[in-house]
Amino acid sequence: MSADSILNVLADRYASPEMRAVWSPRGRIGLERDLWIAVMKAQADLGLDISAAAIRDYEKVRDQIDLASIDKRERALLHDVKARIEEFNGLAGHECIHLGMTSRDLTENVEQLQVFRGLQLLRVKAIAALHRLADRAKRTRTLLVTGRTHNVPAQPTTFGKRLAMFGEELLVAVERLDQLVARYPGRGLKGAVGTQLDQTTLFDGSAAKAAKLEQRLMKHLGLKRVAGAVGQVYPRSLDFDVVSTLHQLGAGAGSFATTVRLMAGYGLMTEGFKKGQVGSSAMPHKVNCRNCERIHGFLTILAGHVTMASGLAGDQWNEGDVSCSVVRRVVLPDAFYAIDGLLETFLTVLDQFEVFTASIRAENERQLPFLATTTILMEAVKAGAGRETAHAAIKEHALAAAREMREGSGDGAMLERIASDARLGLSKARLSAILGDGERFFGAAPAQVDAFVETVRGWTRRFPAARKLQPAPLL
């Protein structure tokens, strides 16, 4: 790793400082040195001849991380782990680290620690997004909007219900993420082919001491489970599990962002527009949904990483090989940077978006006679009409009224058409009463919002920091 490395745009432009700290080269080397020190301490406690003074010498130089020096060593050795071993030994003046370990004993466990800590960070951010969605949904639980399927007006819904709909997709992903954190297994100190031969040899054939050493390492990593029978590497299907979880975590935000962009196009809302912000260098009036578009960009990146991770799952040769190495060096950090940037952007939009209630009311007034056709159909059936007869009649009048409005040849007068049709048995007064009862068009939407809000409360009680988490300023 050169001291003059090319920047990683996901890390340097979009990811939060906390996520960068987990995956940065300097941060990774610090984690490696912590692991080496933890293993040394456990080995010494279990009877190996490693002095307390030597361990203290390593601890003193733990933070002396010279990336250029390590890079120089690697170019000579053509082995990254050996370069970092020699660097740390040179600083401490001892050769006590990495006893009985292979490169994978170091790298696999450190990478898993990075994954684990990254997942923990993302869990809080995702719950923070749920908290904001629930708050906005509660405030707009009865704000009637034109519900659309196939992007065509369909039935009334509420804006709060729409937010809860996207929030529920995020809830499913948070549940999966939470379960993944709970069951995520560490590889442990398994040695060259997974048999723990070298550690057992160090302890004069004591498999029990080798097992205790591994337990101490799991405690250091903070993992509750350890794999029992892996080879040199842990199964790469676990990486696929992680990366696909990250993609699922972004899916609800992606659907939300699509709808914001569509509603903004109709003039019904905006994702937010800060003072001094410029929407276009050429068109001064433009107020673009740049952040929602960015969310889609992150989701596309994550989808690509899911594909790459899936290519590694099921491709292990015997006890392991390094053909996956170059892919994982890209996939793991960049997938975490991408989902972190997505959630940071999502939180910003949830804080800043605005809905234009006057525009929403105007759209409702134009669309409500059409949106109410299913309700009118049910009322006609209750009045004695056959369901299919009533359906055909309402369809005839709705299509004719819509064409008149679109062609500018009239206002459509759909209610008059329906009221004059004897097949339906509904008077103009009855139709006006149906349309005038706005609450009847809510359906179960307010109750669904309330249920969503209550579910989110359970998560914020478990993770109270999510209520106050603030996104980093976006570029």
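Heads up: these notes are all about the structure in this document. (Residues numbered from 1 in each chain as written. Predicted model: local features only at pLDDT ≥ 70, side-chain atom pairs only at ≥ 80, totals over all residues. Heavy atoms only, no water.)

Observations concerning the packing of aromatic side chains
The criterion, for reference: A pair of Phe, Tyr and Trp rings is counted when the ring centres sit within 6.5 Å of each other, with Trp represented by its six-membered ring. The angle between the planes then sorts it: under 30 degrees is stacked, over 60 is edge-to-face, the rest tilted. Whether a charge lies above a ring is judged from NZ of Lys or CZ of Arg, which has to be within 6 Å of the ring centre and within 35 degrees of the ring normal.
Scanning the entire structure with this criterion turns up nine aromatic pairs. Taken together through their ring pairs, the aromatic side chains of Phe 159, Phe 166, Phe 256, Phe 346 and Phe 353 make up a single cluster. When the ring centre of Tyr 266 is taken as reference, the NZ or CZ atom of Arg 148 above it lies at 4.4 Å. If you follow Arg 236 out to its NZ or CZ, it ends over the ring of Tyr 234, 4.7 Å from the centre.

Comments concerning the environment of Arg 28
Formally: A run of H or I in DSSP counts as a helix once it spans at least four residues, and a run of E counts as a strand once it spans at least two, with each numbered from the N terminus.
Along the chain, the position of Arg 28 falls in helix 3 (residues 25–45). Distance in space between the C-alpha atoms of Arg 28 and Gln 114 is 7.9 Å, their sequence separation being 86 residues.

Considerations on the pairing of strand 2 (residues 152–158)
Our working definition: For two strands to be treated as a pair, DSSP must find no fewer than two bridges joining them.
Taken together, the six bridges between strand 1 (residues 144–149) and strand 2 define a ladder with antiparallel strand orientation. Opposite Gly 147, over in strand 2, you have Gln 155 as the bridge partner. Hairpin connection from strand 1 to strand 2: two residues lie between these consecutive antiparallel strands, with His 150 at a positive phi of about 60°.

A word on the environment of Arg 467
As a reminder, the rule being used: Only heavy atoms enter the contact rule, under which two residues are in contact if any of them lie within 4.5 Å.
Of note, Arg 467 is situated in helix 20 (residues 465–468). The spatial distance from the C-alpha of Arg 467 to the C-alpha of Ala 128 is 5.8 Å, given a sequence separation of 339 residues. For Arg 467, the contacting residues outside a window of four places in its chain are His 131, Thr 460 and Arg 461.

Observations concerning helix 16 (residues 387–407)
Which entries qualify depends on this criterion: Multiplying 1.5 Å by the residue count of a helix minus one yields the expected span of that helix.
For helix 16, which comprises 21 residues, the first-to-last C-alpha distance of 30 Å matches the rise-based estimate of 30 Å (1.5 Å per residue) to within 8%. Buried positions along helix 16 lie against helix 14 (357–371), helix 15 (373–382) and helix 17 (414–419). Phi for Gly 408, located one or two positions after helix 16, is positive at around 80°.

Quick look at the environment of Ile 376
Looking at the element boundaries, Ile 376 is found in helix 15. As a C-alpha pair, Ile 376 and Leu 435 span 59 residues in sequence and 9.2 Å in three-dimensional space. Those residues in contact with Ile 376, other than ones at most four positions away along the chain, are Pro 369, Ile 394, Ile 418, Leu 426 and Leu 431.

Remarks on helix 12 (residues 290–312)
Put simply, the rule reads: Exposure classes here rest on a 1.4 Å probe applied to the protein chains alone. A residue is buried below 20% of its type maximum, exposed above 50%, and partly exposed in between.
With 23 residues, helix 12 should cover 33 Å at 1.5 Å per step; its first-to-last C-alpha distance of 34 Å lies within 8% of that length. Along helix 12, the positions that sit buried rather than exposed are Asn 291, Cys 292, Arg 294, Ile 295, Phe 298, Leu 299, Leu 302, His 305, Val 306, Ala 309 and Leu 312. The inward-facing, buried residues of helix 12 abut helix 1 (9–14), helix 11 (237–265) and helix 13 (325–352). Just downstream of helix 12 lies Gly 314, where phi reads positive at about 80°.

As for the side chain of Arg 294
Stated precisely, the cut-off is as follows: This count recognises Lys and Arg as positive and Asp and Glu as negative, with His and chain-terminal groups excluded. The salt bridge definition used is simple: a Lys or Arg side-chain nitrogen within 4 Å of an Asp or Glu carboxyl oxygen.
Relative to the assigned elements, Arg 294 resides in helix 12. Buried Arg 294, no salt bridge; nearest opposite-charge side chain is Glu 271, N-O distance 8.5 Å. Those residues in contact with Arg 294 that lie beyond four places of it in its chain are Arg 13, Tyr 14, Thr 345, Leu 474 and Leu 475.

Observations concerning the layout of surface pockets
Our working rule: Of the two site types, the cavity is a set of points on a 1 Å grid over the protein atoms alone where a 1.4 Å probe fits but cannot get out, and the pocket is an open set with protein on both sides within 12 Å along at least five of seven lines, each lined by residues with an atom within 4 Å of a point. Grid points are joined across faces, edges and corners, and a volume is the space filled by probe spheres set on the points. Gly counts as polar in this scheme, as do all residues outside two lists: the nonpolar Ala, Val, Leu, Ile, Met, Phe, Trp, Tyr, Cys and Pro, and the charged Asp, Glu, Lys and Arg.
Size it by volume and the second largest pocket reaches roughly 650 Å³. Lining the second largest pocket are 33 residues, with Gly 147, Arg 148, Gln 155, Thr 157 and Arg 162 positioned closest to its centre. Elements that contribute at least two residues to the lining of the second largest pocket include exactly strand 1, strand 2, helix 8 (159–183), helix 11, helix 14, helix 15 and helix 19 (445–462). In the lining of the second largest pocket, the residues fall into 15 nonpolar, 13 polar and five charged.

Quick look at empty space enclosed by the protein
Scanning the model with the defined rule gives two cavities of 30 Å³ or more in all. Volume-wise, the largest cavity comes out at about 90 Å³. Around the largest cavity, the lining residues are Val 233, Arg 236, Leu 312, Asp 315, Gln 316, Gly 320, Asp 321, Ser 323 and Cys 324. Considering only residue class, the lining of the largest cavity consists of three nonpolar, three polar and three charged. The calculated volume of the second largest cavity comes to roughly 40 Å³. If you trace the second largest cavity, you find it lined by Phe 159, Arg 162, Leu 163, Phe 166, Phe 256, Thr 259, Val 260, Met 263 and Met 269. Within the residue set of the lining of the second largest cavity, elements represented by two or more residues are helix 8 and helix 11. Across the lining of the second largest cavity, the residue classes tally to seven nonpolar, one polar and one charged.

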